[in-house]
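The primary structure of each chain is shown beneath.
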Amino acid sequence: MAIVQVRDLTKVFKEGELGAVNNVNLEIREGEFLVFLGPSGSGKTTLLRMIAGLEQPTSGEIMIGDRVVNDLSPRERRIAMVFQSYALYPHLTVYRNIAFPLRAQKSIRVETSEDGKPLGFFERISARRKVEREKVEWAASLLGIGGLLQRKPRELSGGERQRVALARAIVREPSVFLLDEPLSNLDAKLRLSAREELERFHRRVGTTTIYVTHDQVEAMAMGDRIVVLNKGVVRQFGTPTEVYDDPADTFVATFLGSPPMNLIENGDVIVGFRPEHFRVAEDIKDTAKVVFNFKVENAEYLGAEYILSGTLVGGRAEGKKVIARLLLGHSFEVGKTYQFGVPSQHLKFFDRTTEKKTTPGTLSWQ
Amino acid sequence: MANRHPLGLKLVSGLLAVLAVFLLATTARYHAAGVMGLMRLAGGLLLAVLAIGLWKLWNWARTFVFLLLTIDVLSNLAALFLYALRQAKHRLALELIVQIGIGVLLLWYLQRPQVRKVFGGQSAWPSTVKTLVLGIFTVLLGFPFYWMAIASFKQNLDLYATENNPFIFNLPPTLDHLRFLFNETHYVQWLANTALVGVLVVGITLALALPAAYSLARLTGRWGERLGIGIFLTYLIPPTLLFIPLSRIIAILKLQDSMWALVLVYPSITIPFSIWLLMGFFKSIPKELEDAAMVDGLTRFGAFVKLVIPISLSGILTVVIFTFTLVTQEFVYSLTFISSESKQMIGVGIPIFLVRGDVYYWGALMAACLIASLPIAFLYNLFLDRFIAGFTVGAVKG
Amino acid sequence: MAIKQGKIKSIGAAQSPWLGAAMFSPAILYIVLLIGAPFVLAIYYAFSDARIGSTDLHFVGLENFRSILQSPSFRKAVQNSIIFTVVAQVIVMVCSNILSIALEKPFRARGLVRFLILLSWVAPVSLGTIGWKWILDSIYSVITWLLVWLRIVNPFDTPMWLGEPKLAMASVILVHCWRLIPFSTVILLAGRTAIPKEIPEAASIDGAGFWRTLFQINLPMMTPILSVAVLFGTIFTFTDMTVVYILTNGGPYDSTQTLPLLAFTQGIQASDLAAGAAISIFLVPVLVLIAWLMLQVAHRTEVS
């Protein structure tokens, strides 16, 4: 069952200009962790903000559950969102931050006491506060911030702020979670642990999640499926394996993977292969392969691997820049030429004019 | 886009168009000339434009229609309760109630989901209320100036006739008041005095505030900052507390009834705030720039004169405008220290000396106020954001 | 915090205190001579029998205070000063909040609207007040005309805006509000635009409507800036004498008398410098309080 659907969604900020989001169609499954991946300006955040209701689409439809939510305000959509800056309310304690959505949505209703008697006005308030406290403590303990409830946001570290933002999002038990680059404000070391925590958190609560990022590593690591966006258009929509191993066009091919896929023009096709598949020719056994002469121009030693960059020598590929990524075991000298190859099944073919994936063909290198 | 153009909307725009045509036609027939005719013409054209706008689904047209309907409903309500019901005019009350009903019905219809949808889905109320609020406040706050403008050009016969509609010219406009103001009063003299004192005070302020601000921002560290705050606090001490002892000091210095008294005293109001404003400016200049200049061979003071001052030109300009407007706005000191008419400043001269005995030359008074206010207001407006930054004491940052 | 420490040290390294002192001392001297000295003198006069035209000065202790505390004008002045300040500030805060919300998002003609709204703040006070004196004239008042035209007021029994105590007080407050609303509005606007836009967005996703966002998010976050606006507004109203002097000159029967105006009429017009000084000294506690509050605001924003 698709829990969030987007149909022909378009957003044009200024009339006459190119849309920030153009004719996007998506179906997001229940419980899925979906990642919007794209460079800045690709429309991924605009798309997310439209789903949140912070931006009004120019045309198209957004459905959450089986309701069209276009005309609903953010508060009526029953979603939760974590912002890039976390947007914690700086003047409220962590407790009040987490409790804010509960009070704002008036989601706690207590009409009668446990034994069924109707309650008076003040009793109802105190009963509501009690439920609220339980919920806030539940959310806080889920994220391990139970000890911080009386602090103000400015007294917290970056990681703690992120957890408070998540707790504030989860406490209302939303149908959809929207996360807008929540890790980008953390330093590199913290980012890794926060990422793992997010993954664990998602496994535990199982809420449908849409995650926006420009970081392909995050996307690959976390996403059940990835939507690759560029210039407001969906370039590819698939699992991390599909997107990485079988890119739909040259943009996806070069945007994912570090270093990016090598692309070489060859007649009316573009041939692509990943740096890790570009190996010393004699190491490739038991399979068809294409062999090149590779002149090493620069070698970077990264501890566990080498990154070699250089040019192809001879034939129609003469002078094309390529990058190879090799495990240790060989030694290379800058300036020398070696025989490198790519297993045939790892060659990708793209149409030269449309830059889209085409059927594999035969190559004429010489 | 499958959004259908709702029938009701077509009807409403048709209705508007019919009204517009009716208004224009009757204007042409009965009220070919005069103010009422002009107003009808404008109203008719407006309705026509609204009819087209609504038909074409322009959002601003919807907002405008909402605005007109809201004003209509509100004013009818006011008329109903303040007049019709109080005076027991039942027939009128009934008519008003029907009108209110029609207005509310139209508003309700225009807010229906299918109508909303063709206008992009959003409610028309936020923008309507916003426009209404802005309109009301702009009229209320700007009204005295409109009033000054209209009084400046009215003939006395028109100005002092209570039965005339005061909002319009019932008799042709006249330049008599301006002629009187410039030829038979000291108005020009006052303007010149104000300008002269203003220029001198600006000079003194800059000469003292610039080095002080730079020194407090850069050279004196932590306690310089504290001193800066202390200086800012002296800005809070008002002239109404100091004018009594100052009048004695002025007397001792034999500066009574002399513009030099004001030249001496005004900088005490302008310097503290100017130091504060300039400190903010100097702090925003990257220190590396001065360090580079000093490495390149300038002294600290040389770097201040040749580098910092040219860079902060816009800050200095802000201080100039601020000082000048403060000089024109000041009232208490010039009222206390200056007694002869010809030596007065503009802010005191107009209210005190343009009134002969108990006779108010309202036309000339209003012209005098308007002419003196507008240029200052215009200048101040240009530098507004900087003044505000000074007033907020950095409270915005947090 | 650690970064701040480092910053201060680097300033310290480049300091040159002597040059610094040389550059700021002229300004400080000017301020001390023309604000500090008169301030001290004002306090001294309040305990003396200084008069215009006589150079003799005797210390008379609390005599001045005893006599002004007995005068009904003084009591009325204190009362009015407080009423005008408080009522005007409440009205100004409500109106300027509404206006700043309406002005927040850019729209066509925003610059023009802002200019028109600001006119009343930037135009010289005395001149704007004269405009009001004409609007509130006893015979030719446009407000009266409008009310008569709307048949709310009987044309043979029109209100005397500046001639009846209650109406005169209301008029003074009205002019103060008219003058201060633009000032507060632009200050609040600065505070409002300083709130990161994700915060109200997060509130709307969390389910808060317009009012909850306003009262639980925006306004609490704007407390420092709100207090700055209130403090300045208080000073401008409490210490002002221009508006009252021109509009009513304290009348009718002292009903709009204020402290600064009374100090002026006693000290300058009636030549009794000592009494005037003693009256104006009563401004000081309010000023001290405001200065202290201002420092609190500055300190609080520095910490956060």
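Scroll up to find the structure this text is about.
Presented here is a report on the structure given in the accompanying data block.

It is worth spelling out the interface of chain C and chain B at this point. Contact with chain C, which involves 83 residues of that partner, is made by 83 residues of chain B. Considering each element in turn, the side of chain C that touches chain B owes the most residues, 16 residues, to helix α2 (residues 17–46) of chain C. Tallied by class, the residues present in the side of chain C that touches chain B amount to 66 nonpolar, 16 polar and 1 charged.

The subject of this paragraph is the sheet that holds strand β18 (residues 348–351) of chain A. Residues and elements named next belong to chain A. The antiparallel open sheet is built from 3 strands, whose spatial order is β11-β12-β18. Each edge of the sheet is formed by a strand with only one pairing partner; in this case those strands are β11 (262–266) and β18. Taken over all neighbouring pairs, the strand axes of this sheet differ in orientation by 30 degrees on average, direction set aside. In this structure, β11 lies alongside strand β12 (residues 269–273), joined through 5 bridges in antiparallel fashion. When the sheet's bridge partners are listed, I264 is paired in β12 with V271.

Turning next to the sheet that holds strand β8 (residues 208–213) of chain A. Residues and elements named next belong to chain A. Taken together, the 6 strands give an open sheet; going across it, the order is β6-β7-β8-β3-β9-β10, and neighbouring strands pair in mixed fashion. Because the sheet does not close on itself, it has two edges, and the strands there are β6 (79–82) and β10 (233–238). Strand-to-strand, the axes of this sheet are offset by a mean angle of 15 degrees, without reference to chain direction. Of the pairings in the sheet, the one linking strand β7 (residues 176–180) to β8 comprises 5 bridges and is parallel in character. In the strand pairing of β8, L179 is matched with Y211.

Direction of pairing for strand β9 (residues 225–230) of chain A relative to β10(A): antiparallel, over a ladder of 5 bridges. Bridging from a neighbouring strand, A:L229 pairs with A:V234 of β10(A).

All names here are of chain A. In this model helix α3 (residues 121–142) runs 32 Å from its N-terminal to its C-terminal C-alpha over 22 residues, within 8% of the 32 Å that 1.5 Å per residue would give. Where α3 is concerned, the buried positions are K135, V136, A139 and A140. The arc that holds the buried residues of α3, viewed along the axis, is 130 degrees, so those residues lie on one side. For α3, exposure combined with an orientation more than 90 degrees from the buried face picks out S126, K130, E134 and S141. The elements touched by buried residues of α3 are α2 (94–104) and α4 (158–170). Two residues or fewer after α3 comes G144, characterised by a positive phi angle close to 70 degrees.

About the criteria used
Residues numbered from 1 in each chain as written. Chains lettered and ligands numbered in written order. Predicted model: local features only at pLDDT ≥ 70, side-chain atom pairs only at ≥ 80, totals over all residues. Contact = placed C-beta atoms within 7 Å. Helix = DSSP H or I, 4+ residues; strand = E, 2+ residues; numbered from the N terminus. Nonpolar A, V, L, I, M, F, W, Y, C, P; charged D, E, K, R; others polar. Pairing = 2+ DSSP bridges. Axes fitted to C-alpha atoms, helices over the stretch in contact; angles between N-to-C directions. Expected span 1.5 Å × (residues − 1). Buried ≥ 20, exposed ≤ 12 C-beta atoms within 10 Å, placed from the backbone. Arc of directions from axis to C-beta.

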